[in-house]
Each structure stands twice: as C-alpha cells, then as structure tokens.
Amino acid sequence: VSTQSTGLLSTMKSIILLIALAFVSSVLAQDTCPRCTPLCQNGDGTPKTCGDNGCGGSCGTCASGQECCKGSCVCIPSCAGRNCGDDGCGGNSCGICSPSQTCSNGVCSGAATVDCTGRTCGSNRAGGSCGSCSAGQRCRAGQCECYYDCNERNCGNAVQPEGTNTGLCPQRSCGTCPSGFTCGSNGRCSASTPCTVTITVVDCNSRRAISSSASVAISSVSLSYSATVTVSAGAAYSWNTPGLGSFSFQTSASGYLTNSQSFTLASTTTSVELCVSPAVVQVDVRERKTNITIEVGASISYTGVASGSFRWNGVTSWTHGGFGSYSFIATPDSKYTVGSLTYSVTASTTLIIIYVDIAYFCGDDLCTSGETATNCQLDCVALFLEFENADGSGPVNGPTVNYFLDNPRDANADTGPNRNSVQQTTTRTTGTGSNTVLEETYSYDELVYFEVVVSTFINFYWRANTSNIDPLLGTYRLRVHLSKLLGTTDFNYRLVNTWKPIDATPEPYGPTDLNLHLFYSSGALDINNPSLTNQGFAIGKAIADSKQSGGPATMDISPDSGIVVAVWNSKPPRSSVIAPSQNNRYLVDSGSYVVFYGKTSNAANGKQVGQVVMDEIFLTNPSLKSNHQVDLWYVAQFTVNQPARNQPTIVAQSRFKTSTI
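Predicted, not measured: the structure shown is a model, and the values here were computed from it.

Caption draft 1: Looking closely at the overall build of the protein chain. When its secondary structure is counted, the protein chain shows 2 helices and 46 strands. Evaluated residue by residue, the protein chain yields a buried proportion of 39% over its 661 residues. Taking all contacts inside the protein chain whose residues are at least 6 apart in sequence as the whole, residues at least 24 apart take part in 55%.

Caption draft 2: Broad picture of the confidence of the model for the protein chain. Residue-level pLDDT values for the protein chain average 85, and 89% of them are 70 or greater. For the stretch residues 1-35, pLDDT sits under 50, and the model shows 11 contacts to residues farther than four places along the chain or on other chains.

Caption draft 3: Seen up close, the sheet that holds strand β11 (residues 197-203). Here 4 strands make up an open sheet; going across it, the order is β14-β11-β18-β16 and the pairing mixed. Every interior strand has two partners, whereas the edge strands, β14 (237-239) and β16 (256-257), have only one. Sheet analysis places β11 next to β14, joined by 3 bridges and oriented antiparallel. Paired with Thr198 across the two strands is Ser238, which belongs to β14.

Caption draft 4: The pattern of salt bridges, seen in detail. Counting across every chain of the model gives 14 salt bridges. Glu386 serves as the salt-bridge partner of Arg479, at 3.4 Å between the closest nitrogen and oxygen. In this pair, Arg479 is assigned in strand β35 (residues 475-482) and Glu386 in strand β27 (residues 380-389), connecting sequence segments 93 residues apart. Here Asp556 and Arg494 are joined by a salt bridge, their closest N and O atoms 2.8 Å apart. Taken together, the positions of Asp556 in strand β41 (residues 553-557) and Arg494 in strand β36 (residues 493-498) put the pair 62 residues apart, joining distant regions of the chain. A single network of salt bridges, built from pairs that share partners, joins Arg138, Arg140 and Glu145.

Caption draft 5: How the structure looks around the state of the cysteines. Per the stated rule, a full pass over the model turns up 13 disulfides. Between the sulfur atoms of Cys84 and its disulfide partner Cys103 the distance amounts to 2.2 Å. The S-S bond linking Cys84 to Cys103 shows a torsion near 90 degrees; that makes this disulfide right-handed. You can see Cys84 sitting in the loop between β2 (72-75) and β3 (102-104) and its partner Cys103 sitting in strand β3, a full 19 residues away along the chain.

Caption draft 6: Spotlight on the environment of Trp499. Considering the arrangement of structural elements, one finds Trp499 in the loop between β36 and β37 (515-520). The class of Trp499 is buried, set by a relative accessible area of 1%. It is 9.8 Å that separates the C-alpha atoms of Trp499 and Leu587, two residues lying 88 residues apart in sequence.

Caption draft 7: Representation of the pairing of strand β42 (residues 565-570) within the structure. With 6 of 6 residues buried, β42 lies mostly within the body of the structure. Of the two faces of β42, the one carrying Val565, Val567 and Asn569 and the one carrying Ala566, Trp568 and Ser570 are both buried. With 5 bridges joining them, β37 and β42 adopt antiparallel strand pairing. Counterpart to Phe519 in the pairing with β42 is Ala566. Here β42 runs beside strand β45 (residues 632-639); their pairing, made up of 6 bridges, is antiparallel. By the bridge assignment, Trp568 is partnered in β45 with Tyr634.

Caption draft 8: The packing of aromatic side chains, seen in detail. This model, assessed by the stated rule, comprises 22 aromatic pairs. Arranged with centres 5.3 Å apart and planes meeting at 90 degrees, the rings of Trp239 and Phe247 form a pair that is edge-to-face. Of the residues examined, Trp239 reaches a relative accessible area of 2% and is grouped as buried. Judged by its relative accessible area of 0%, Phe247 is buried. Linked through ring pairs, Tyr225, Trp239, Phe247, Phe249 and Phe263 together constitute an aromatic cluster.

Parameters at a glance
- Residues numbered from 1 in each chain as written.
- Predicted model: local features only at pLDDT ≥ 70, side-chain atom pairs only at ≥ 80, totals over all residues.
- Heavy atoms only, no water.
- Helix = DSSP H or I, 4+ residues; strand = E, 2+ residues; numbered from the N terminus.
- Buried < 20%, exposed > 50% of the residue type's maximum accessible area, 1.4 Å probe, protein only.
- Contact = heavy atoms within 4.5 Å.
- pLDDT = per-residue confidence, 0-100.
- Pairing = 2+ DSSP bridges.
- Salt bridge = Lys/Arg side-chain N within 4 Å of Asp/Glu carboxyl O.
- Disulfide = S-S within 2.5 Å.
- Phe/Tyr/Trp six-rings, centres within 6.5 Å; stacked < 30°, edge-to-face > 60°.

Pasting the structure below:
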C-alpha cells in the first residue's frame, strides 16, 4: 500500500471519529435534564429497607407480621388481652408488673404496690400514675421525652403533637434531600420535575400513527393534576410532566373510539404511546317497502369527511374516515334501483341502512311508476264505479270519488261513523254528463277505500279487496245506488239493496230480479206490502223496487227503540218457460249488498251507518258459493237504541235458505 493511500485512510478515520463524537455530543446535549435517582436512606443517613424511594418506586416490602417504620421493617406487637410480658416481638412491651406481683400468661397477678422508683410519668404499677408529661411530650420508660414523628418522612420538620411547647421541645428535622431532590409537603424527598415525556397516538391494531389529530385528557389524583393536550396527526407531543406516579390518559380522535389508559411514570420514562381503535360501523342495504336486506350484492361509494368505496355482500363492516356527514350511493347488482343516503356519523353510530326500491316492471305485481290497468293489466286493477239514484229515478252524474289505503272513517257508538283525518291517495271525478268513474292505479293486493261525494246526496263509503279480482279480467265493478239527503218528513232510516247487473259482467251471470223484505213484529214491508203502520202511525214504506238490472230495492223505516227488524233478500221463482232469461241464474252469483243510511245526532240529514255484503260470506265459507238451491238470504238484524241519535246495531246473519212454494 502506498504512503498516499495510507494517509488518505488515516484522514477518513479521523473524519468518521469526529462525526461520531459530534453525534454523541448532540444526543447528550438534547438530554440535559437529569433523570431521577432512587433515594433509599433516612434523613439521618441510615439505610431504608422499605417505603418510598422518591422516584415513584419502593425501597422494599416487609414480610407478613411486620410493618415499615422509618424505612425499616419492624415487628408488629400483639398485646390483646395482656398487660405484662412478651409482646410477640421479643420484649416486655405489654407492661411490667408491680414488684409484689407476678406475670402469668401475660396477666399481672397478686396484690400490687405503688412503685415510682426512677419514674416521673406513666403507670405506678398499682393502677395509678407516677405523673404526666407536658404537651408535645410522651412518656417512655417512665421518663418524659419530646415526641418527634419522622415515620415515612426523610426531610423537613418532624411531626409534633398539636399544642407542643416548642420552647421545651424545639422543632427537629427529619433530614435534608440530596441534590436533584426536593422535599414535598408530605416530608418525603422526591425527584425534581423530570424531563419532558413524548406522547404519541397510534392505531391499536396496526400500531401506526393515526391520520387525524387527537385530544388527550391527562389527570393524576395523587398530584391533583389535570390537563388536555392535542397530538397532531402523525406527530409527537412534548409533555412537561408535573412529577412521577400514576397518570390516566383519555384519548379522543375523529373516526376513532375514545380510549382510556393508565401509565405509571418512573424516573426512566421518556415516552408514552397511546392508542385508539377505528370506529367500525355496520352498513346494510334494504328494500324500502319490506325493510328486509336485499338478496343481491351491491357496490357502495361514499363522499364527505372521507371518500372511498367498498363491496357490499350482506351486512358489511365499514371503517369510516372520521365523524361527520357522508353521502352514500348503493348500486345493487340487479333487480333494485340505485339508493342514496346522506348521514351524519357520530360516536354512537353503529348501523347505517341504505334503502333501495324494486326496479319496477310490468308483471312484478306492483302497480307503480306510471303503470295503469290500461298499459299493465298484470299489475293494475281497474276500479269501475257506476252511480244511480236509490229512488230508481236513474243515473247520478258528476260524482267525485276519493280513494284511500286506510279507512277514512272511525266507528262511534254515539253518533255513528265519523270522517277522520286520513288523506286520500287519489281523487277522480267526471263531468256533469257522466255517472261512471274509472280508477286504474291500484295493485291487486290492496284494500282500497272509496268516498263518493255528490251534492244533495249522502256520502257513500266502500271498501274493495283487490286481491279477490281475477287478473285475467282486471276490473272491479260496482253499481252504487246513492241516497238523497233525508229530510225532516222522511223516515229515520233507509235501506238500499243493489245487486250485480247482467250487462258488462262476466259469467256466471247473476239474476236480474231480487226482492228486499223487512219483517217487524207488527208486519212486513216489501214489494207486496209497500207501506207499514203501527197503531195508525206510518213506520215504513217502499221507496223503490226496480227489480230489473240490479235494483235498487229501497225501503224507508222508523222503528221504535229496541224493535228488531229482520232484513231478507230473495230471488223470486220464475218459470223457465215464461222467463227463460232467468235460467241458470242463482242467488249466490248475484253480488247482492244492502247499505244502511240513517239520521244521527250529528247528521240530521243522514249518513251511511253500515252495509252487509253477500260476497264477504264466501271469503270464510267458500263452499256456499256452489249452492244453487238457495233462493233466500237472511241479510241482517237491525235494531235501534235511540232512534235518529246513535249508531244502530246491524248484525249480519250470513244464512241462506231454500224457499217452499
């Protein structure tokens, strides 16, 4: 190796040595605050084998049966039930008997004589005293001495009893603290405030620094200390500690669960690592109408406090980016529409539900999204209503029909049914020249309520169960005979019988001729008996009996309180030769129904107080629908408690009979 190469190598070594020395000097310069050195000696310089070491640690612990006294482990005396002899610690601390007594099993026995020889205080060994000590003194071995308590104290003044005469017993020190220690109010040497401690906040799972700032509340009960500091995202905070010992840390950060931790700061502590766990929220995608989780997967994207996306396949755990507002878009793989949601995530948020709707199409059993019975008969039913006058005078034009999905009336025993606050879902009306109304936006699986309003007529109410309609026919038809308002000269109640007409209805065709019969205890009211009197007073009359093409058969009555009126419906016998059009037409196919109108305390001109529908019988007893022998229907029993005031009692009978001619 050349001389030039040897010199270059020597120079490089010198440079490296200088860099190393500079680095060490820099590190030492950064840690100029001395660390705590444990102190295990008493104020008088004697060693401590137990108790506090001044740095938050211990000089040692005592064995069972011992206690720490002035830094040393001493025996715990036991003199329970003893006044003399051994105290269990190798001495006669339990007491000394009078010279005339003997100590037996820890108890002095025999006559006691006074003995104060060499004693100025304490017991005279005969139940008396040799004297008492001044304030601040205690009697020890028969002599008064000043009392100084330095137990667990190694600095500052000793503890003296309250009221001590300091002239007689001047203050004494329990010792002084060495360099780097200070004497606390508890008389113990403790290290001066240690160097700053760095605080970092990491993810409890990954142990990586979190991406948001954290607020850390710090407290110490023993030091009566509390403070709140902010640790910036990805950084460390330099904390000037108030001392050593146990500290509690409560850490909060946006997007993370608040976490509480405790650490003990020792003289060697240089850093504290706190952690928080990400706030995990469950996300579900559900069908809005049923509130059931959809059965297909979906892609979910979100924006707001943070942005991103994830794949959803059933209830999914989502780690958000912080508390605050988020906007979600859920796109199902198939069958459902895109769902959106804006939601504010808070510390209490555990579940987020994004609702979607079925992507409607003709044939999905839902009448929606512009579908009607005209363009989608598979999903939508046509509700066709035709209105005529209950007095048989002909059509009623210009009706307004309100449609509801909940009952628009509430029952009331005092006044009869009353209109409630339910709002209609649709309203249809016709001009003054038409008596029919068509509504075709309801599905086959619904209960649809009608309210028919026409000037000078009593409002008519009805409920159509669209689940009973054959989708191949697609039309619910109802002929309605509306009652004029009841005047002061009219009877209190009106019964209107309507049945299915032959025209524009599918097979099986019902009879076009039915009769309505009312039976009282005082007689009958029907087509053959158009008026009824009781003790010379008219109590009923036939208003109309248009037997052909679906009625109406209308009867007005004013029964007294408690009188039972039996309401019957009949299909009159017809000769197959004289009336061949009535062949193969049966009562059970008639679609007959009876509507009850009446005056009440809040409807002087009448209201609809009830109805009985034949077809509802077949919903619970379908076998009756095939009985072609019956020609009588026992409709109902009608009773009034307070005529023209309260709700009449209408009890449907649901019974069919076969007449005898």
